[in-house]
Each structure stands twice: as C-alpha cells, then as structure tokens.
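# A look at the structure
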Amino acid sequence: MTSAEPTAGAAGPATPVRRARWRTALAVLATLAVLVPVGWLWWDSRMPAGYSAMDMGTVDLGGGPGTEDAHGGHAGHPAVGVPELRDATTGPAAVTVTLTARREVFRLPSGRTVDGYTLNGTSPGPEIRTRQGELVEIRLRNESVPDGVTLHWHGVDVPNGDDGVAGITQDAVRPGGEFVYRFRAPDSGTYWYHSHQVSHVQVRQGLFGALVVEPPAGAPEGDVTAVSHTFAGARTVNGQEDGVIVPAAAGERVRVRVINSDEGAVPAWVTGAGFRLRAVDGAEVRGPAPVAGLAVSVPAGGRADLEVEVPAGGARIEVGGGAALVLAPPGSAGPPPSPRPRDDLDLLTYGAPAPIGFDPDAAQRRFDYVIGRRPGFVDGVPGVWWTVNGRMWPDVPMYVVDEGDVVRMRVRNDSSEVHPMHLHGHHVVVLARDGAPATGSPWWTDSLDVAPGVEFDVAFVADNPGLWADHCHNLEHAKNGLIAHLMYRGVDTPFRIGTGNHPD
Ligand code: C2O
Ligand code: CU
C-alpha cells in the first residue's frame, strides 16, 4: 500500500469514496423514480381473470345522451341481455348445417400438411348457402379444439346474440359442447364465417369458410367463390395451392366471389378479360362500369364480387398472384398468369351515385377512432401497443349509441401500418377519404382498409341493438389491443372475457 492511495472511510469533504456513495444514492433514487411509476403502470394495467367487455373502455357518448356508466338500463327501462337478442322464431329452418370443429393435422390437395383446425374435416370449412331472409340453423360442435371455438358470421348483420364472439355474445364452446346459431341473413351477398375465439390463431390455422346469401328470388346467376387464404406460408384459393379450374361456357357471365380470410389485403385482378366489380362486402355496387388494367384490393376480411364474361380462351382471376381461379371453356386451360396491375380500382369514385337512405349531417353521435401506437403495459405485459384515441386497451373508447341514431365516425390511422377496420353487426357507408367526398356508388363496407396517414369519414344507422366489436381485422393487431366496442344503451352482457373466453 502506498500513501497515495485513499483510505476507505476516510473523513473529509469530497473524497472519491463519499462522491461514489452519493452517486450510488442518486442512481438508486433515479432508478426508483423510473421504476415506481413504471411499476405502477404495470400493476395498474393488469386485468382481472374475468371481466365484462362493458367494464372496458372510456365511455364515449359522441355528443348524444347517456351517462358515464355503461351498464344497465336507462330512462326506467330494464337492461336487455345479449342472449335475448336472437331470432325468436321456432320451427324448422330452411337451411340446416352441422359443423364439427377439430384440432388436427390436415393435408392440402397439394400434399402440404397444415397443423391446425378443420370444420367437418376440411379447411376452408364447407361453403354455406342460404337465401336472403331465410332461417338458417348452424349447429357448431367442438370435437377437439382445446381452447374452445365459436363462429362469427363476418359481414352478416345478425342479431347480437348470434354474433359468435367469445366472452361478449356467448361462451366459447368447449370440447364436447355445442352451440346452435339461428338467424336470417338480412341482405344477400358474399360473406364468410370464422371462429372468434383465440381468433388470431384459429382463423389463420383453418377455422373459417364461405357463406353466400343468395337473393330471395329470381333467376340464379352463375357464381363461384374464391376464398383466399395463406396456409403455413402457402397462398391458396379454396384451399388449392395450384389454383382452381372451373368449367364455364364462352360468353357466360360468372360472378366470382373473392373472400379474403388472411391478415393482410389481397389484390384481385383478371387476366384474359375485363370485369365489373358487382359487389363490395356483400353490398351491390350501383352502375358498375367495366374495368381493365386495374386490381381490386380486398382488405383482410373483405369481399369483392368480380363479374367476368368468359372469353373463348378463358379468364384467370388472380388472387394475390400465384393462386388463381380459372374460368375455362371446354378445351381451354385459361390464359397464363399476368403481373399485378400497378394501380387499384378506387372505390371512392367507382359506380353511380345513389341516395344512402339517411342524412349523415343529422347525426346524433359523432365519434373519432384514431389509431396510434406507443410503448406501455397491457395486462402487465410490456410492449409497443396499439392505441385508440391515444389510449391503450382496455381504456379504449366504448362508443355508446341508442337504437335509431345516425352515427358518424372519423377513422384516422396515425400509425405506420395499414388497418382493415371491421365493425360487427353493421355496414358503414364511406362519406369521404382525406376530406374528398365519395362520388361513386354508395360504398358500403364492413372491412375497410385504412392506410397509414389516411382518414375516412363513415356513417351508419344504429339499427341492430347489442354490444359489438369494432376492431382491426389483422387479427394479430386486434389481439394486441386494436379493438373497441359499440354498445347500445340498455344492453348488457352476462358473458365474461378472460375466464376461458379469449375473443381475439
Ligand atoms: Cu371477422 Cu370480429 O371479425
Ligand atoms: Cu391493424
């Protein structure tokens, strides 16, 4: 030891040791100053094991009547329970289907194996067909899906009690159990169904299928569905990696119902012929002009009906590129694939304008749905989470309406990813995009892609009482908090999220 070295514990001001102690104390304090609030945020973000969707959120009355308490009745009316909001008719249904859900490894026609889920042994599950207004009865049986299952009728504005959302409109069907859905599809069009229990896993891995609602009467049109889905990284149409060949006569008009069951948008275009876009999300387009050299971007969860007049050499409906549906007259194999057109058809201006049936300027409620992202805790888990109106799940808005209200919503995407927004139980009509008014056929949608930086003004009539999810259909995003709810005053749910029910 040399005399130059300081002695531990030596007295006197500003020795290196004393400075070190201060530094340590300051560092501890600084750490606590960060940790205590962060710890509180963590603690505060934790959710109880089971909770009502109605306890979620920040009540948003949109300028209409109501109170901060989302629960219960109002104006002396007792609350109506979600299970009461169902079709009351008894007696036999026009269409009855039994769907049995299984957890299993299955094989695509290409030979590729998928570790996932099936309905009646296949994925996509069986295509269900009904007519507008007819009673459909679907018996869902869970044979072996350990997490439980439900079925949601995406785009069909069914009564709330049949909406099939675990923890909101029903309990997930456990293995060995069943649930019977009975509803009348109010509108014809192209729809689909999928599980709404652990949906970010179950939909991707197979629990979905097409649902076509035919017009109530009239000569049947030639039509075919093209369900786009990516199984284990492979793009398919109707489960086929190599595509589907559909025999068709030259000159025949065929409505190809493109359904996107994936997490991201899929472009659809036609090689060998032009097309008309006949319907979007089940709603008919008025005055659909012929389209050539453009693609239709179908958002996640969305549908697009492309009508093609089959040429002698056939037509190829490309869905995403790679997989395709070929309309092939006898002796033709259809044209070779073509690259994706550079531009997409713009639905803001496509088709002929028509009255929308209500006055959006007389709206009783006006809401914002502003999507963002920031770091924080959700249920005790740190991450960079989605926000709605600046708040993270579960403090997202609870949009409150009364039956009969005209509702306007401004949906803005302040994040850097696209969000296909899906409101259950209603179709919204697009009024404007980035302030530019819609000038084409009324653009009714239930799955609307909102690109980064884009703002949509949409409107709808609150005509379907219940408690409805309004979420991103990139289901991974929904699972990570991009979900809010629309509730009608006076509706309450007995179901709980958390205890076995995980809707997203
Ligand atoms: Cu297609 Cu809430 O889902
Ligand atoms: Cu999203």
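Everything here concerns the structure above.
This write-up is about the structure you can find in this document. Please read all numbers here as calculations on a predicted model, not as lab measurements. (Residues numbered from 1 in each chain as written. Chains lettered and ligands numbered in written order. Predicted model: local features only at pLDDT ≥ 70, side-chain atom pairs only at ≥ 80, totals over all residues. Heavy atoms only, no water.)

Our next topic: the pairing of strand E4 (residues 113-119). Of all seven residues making up E4, five are buried, and the element is well covered by its neighbours. Judged from the seven bridges that link them, strand E3 (residues 95-107) and E4 form a sheet pairing that is antiparallel. Within E4, the residue paired with Arg103 across the bridge is Tyr117. Where E3 hands over to E4, the hairpin turn is made up of five residues, of which Gly111 adopts a positive phi near 100 degrees. (Buried < 20%, exposed > 50% of the residue type's maximum accessible area, 1.4 Å probe, protein only. Helix = DSSP H or I, 4+ residues; strand = E, 2+ residues; numbered from the N terminus. Pairing = 2+ DSSP bridges.)

Turning our eyes to something else, we now look at unusual backbone geometry. Omega for the bond connecting Ser123 with Pro124 falls within 30 degrees of zero, at -5 degrees, which places this linkage in the cis form. Tracing the sequence through the fold places Pro124 in the loop between E4 and strand E5 (128-131). Geometrically, the link from Trp393 to Pro394 is a cis peptide bond, its omega value of 5 degrees lying close to zero. Among the secondary structure elements, Pro394 is positioned in the loop between strand E24 (391-392) and strand E25 (397-401). The residue Asn238 is not glycine, and still its phi comes out positive at about 50 degrees. Locating Asn238 in the fold gives a position in the loop between strand E12 (234-237) and strand E13 (244-247). On the accessibility criterion, Asn238 (25% relative accessible area) is partly exposed. We note that Asp281 has phi near 50 degrees; this positive angle belongs to a residue other than glycine. Residue placement: Asp281 occurs in the loop between strand E16 (276-280) and strand E17 (283-284).

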